[in-house]
Amino acid sequence: IETCSGSSTLPMLERRLKTLMYAVQHMSQVVQDLSAAPTNLPPAALQTFADAVFVKHRDEFIKYQVQSMQLMLVQEQEIEDDSPTAVAARAAGKKTPWKPIDLTVDVTIRCLECAETAATRCAILSHPKMLAENMYKIFQTLIREFGRNIMLLALDQAIKKLANNAQAGSTSPNNSPA
């Protein structure tokens with residue numbers, strides 16, 4: 001877990017979170033095995049020990065989870081324009097703008113799967129007293145990054161496209177994706 005510290009790139013954050021999840025789940029299995037016969041060690045004492053091992057990581061995991069979600073959802077917004085004009089401009093060394101967001105079912109599903117993974121981790125890794133607050137942070141991140149930065153931007157782009165079509169004298173708007 002510590003080898004992934006200090007890095008804020010998506011692959012490193014995901015690796016850190018997956019490693020923590022794996023460790024916590026396997027520690028729970030060890031606690032369960034040790035509290036069963038023939039050892040019959042007290043489960044409460046074993047759980048206290050397991051919690052002490054992961055206390056630092058459990059306290060800070062939500063920060064990494066939110067960063068990971070933000071980076072993943074930002075990636076959904078950053079699609080390079082692959083039009084012939086944009087490709088030629090990039091070949092000439094010019095900076096080209098990002099392609100307008102195409103709000104598709106696939107993009108929506110990837111965003112919701114990202115939130116689902118985050119919520120699952122949150123349920124397992126959060127201290128019970130922090131679970132509600134951490135789930136709220138996950139939901140807040142989903143609303144901000146997907147709702148505001150992807151969905152509203154895509155709707156705004158579609159409205160502008162319809163307005164431009166209306167100004168150009170188009171009698172029937174083209175509702176197909178660009």
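Look a little higher up for the structure.
Residues numbered from 1 in each chain as written. Predicted model: local features only at pLDDT ≥ 70, side-chain atom pairs only at ≥ 80, totals over all residues. Heavy atoms only, no water.

A.B. asks: What is the right way to look at the packing of helix H4 (residues 105-125) against helix H5 (residues 131-167) in this model?
C.D. replies: Contact geometry of H4 with H5 gives a least axis separation of 9 Å together with a crossing angle of 165°. Between H4 and H5, the crossing angle belongs to the class labelled roughly antiparallel. Crossing of H4 over H5 shows right-handed handedness. Where H4 abuts H5, its residues Val107, Thr108, Cys111, Leu112, Ala115, Ala118, Ala119, Cys122 and Ala123 lie against Leu131, Asn134, Met135, Ile138, Leu142, Phe146 and Ile150. When its residues are assigned to classes, the contact of H4 with H5 shows 14 nonpolar, two polar and no charged. (Axes fitted to C-alpha atoms, helices over the stretch in contact; angles between N-to-C directions. Helix = DSSP H or I, 4+ residues; strand = E, 2+ residues; numbered from the N terminus. Parallel < 35°, antiparallel > 145°, perpendicular 65-115°, else oblique. Left-handed = near helix turned anticlockwise from the far one by under 90°. Contact = heavy atoms within 4.5 Å. Nonpolar A, V, L, I, M, F, W, Y, C, P; charged D, E, K, R; others polar.)

A.B. asks: Please explain the environment of Arg144 as it appears in this structure.
C.D. replies: By the secondary structure assignment, Arg144 is in helix H5. With near-sequence residues (within four places) excluded, Arg144 lies in contact with Gln70 and Asn149.

A.B. asks: Explain H4 to me, please; I cannot follow it from the model alone.
C.D. replies: Counting along an α-helix, one turn takes 3.6 residues, and residues three or four places apart therefore face a common direction. The end-to-end C-alpha separation of H4 is 30 Å, in line with the 30 Å expected for 21 residues at 1.5 Å each. Along H4, the residues that are buried comprise Val107, Cys111, Cys114, Ala115, Ala118, Arg121, Cys122 and Leu125. Taken down its axis, H4 places every buried residue within 125° of arc, on the same side. Those residues of H4 that are exposed and angled more than 90 degrees off the buried face are Val105, Asp106 and Glu116. (Expected span 1.5 Å × (residues − 1). Buried < 20%, exposed > 50% of the residue type's maximum accessible area, 1.4 Å probe, protein only. Arc of directions from axis to C-beta.)

A.B. asks: How do you make sense of the packing of aromatic side chains when you look at a structure like this?
C.D. replies: For any two aromatic rings, the description comes down to two numbers: the centre-to-centre distance and the angle of the planes. Tallied over the entire structure, the rule returns zero aromatic pairs. The cationic tip of Arg16 hangs over the ring face of Tyr64; the distance from NZ or CZ to the ring centre is 4.2 Å. (Phe/Tyr/Trp six-rings, centres within 6.5 Å; stacked < 30°, edge-to-face > 60°. Lys NZ or Arg CZ within 6 Å of the ring centre and 35° of its normal.)

A.B. asks: How do you make sense of the pattern of salt bridges when you look at a structure like this?
C.D. replies: In a structure, side chains of opposite charge can pair up when their charged atoms sit close to one another. Applying the stated rule across the entire model yields six salt bridges. Its salt-bridge partner being Glu60, residue Arg16 comes within 2.7 Å of it at the nearest N-O pair. A residue pair is termed long-range when its members are at least 10 positions apart, and Arg16 in helix H1 (residues 10-35) and Glu60 in helix H2 (residues 43-77) qualify at 44 residues. The two residues Arg16 and Glu60 agree in class, both being buried. The closest approach of N and O atoms between Glu133 and Lys137, which form a salt bridge, is 3.5 Å. One end of the pair is Glu133 and the other is Lys137, both in helix H5 and four residues apart, which spans about a single turn. (Salt bridge = Lys/Arg side-chain N within 4 Å of Asp/Glu carboxyl O.)

A.B. asks: Looking at this structure, how should I read the nonpolar core?
C.D. replies: Within soluble globular proteins, side chains that are nonpolar tend to cluster in buried spots. The biggest cluster of nonpolar side chains holds 25 residues, and the ones touching the most others in it are Leu20, Phe61, Ile62, Met69, Cys111, Leu125 and Ile138. Looking at this core, the elements that each hand over two or more residues are H1, H2, H4 and H5. At eight residues, the largest contribution of residues to this core is made by H2. (Core = buried A, V, L, I, M, F, W, Y, C linked by side-chain atoms within 4.5 Å.)

A.B. asks: How should I be thinking about empty space enclosed by the protein in this particular structure?
C.D. replies: Over the atoms rolls a probe the size of a water molecule, and in doing so it shows where empty space is left. Tallied over the full model, the rule gives one cavity of 30 Å³ or more. Of the volumes computed, that of the largest cavity is approximately 60 Å³. Every residue lining the largest cavity is listed: Val24, Met27, Ser28, Gln47, Ala50, Asp51, Phe54 and Arg58. Those elements giving two or more residues to the lining of the largest cavity turn out to be H1 and H2. Looking at which element gives the most residues to the lining of the largest cavity, the answer is H2, with five residues. (1 Å grid on protein atoms, 1.4 Å probe; cavity = no way out; pocket = protein on both sides within 12 Å on 5 of 7 lines; lining within 4 Å. Points joined across faces, edges and corners; volume = space filled by probe spheres on them.)

A.B. asks: Would you mind going over the side chain of Ser68 with me for this structure?
C.D. replies: In this structure, Ser68 sits in helix H2. Judged by relative accessible area, Ser68 falls into the buried class, the value being 2%. Not counting the four nearest positions on each side in its chain, Ser68 is found in contact with Leu10, Leu13, Glu14 and Leu17.

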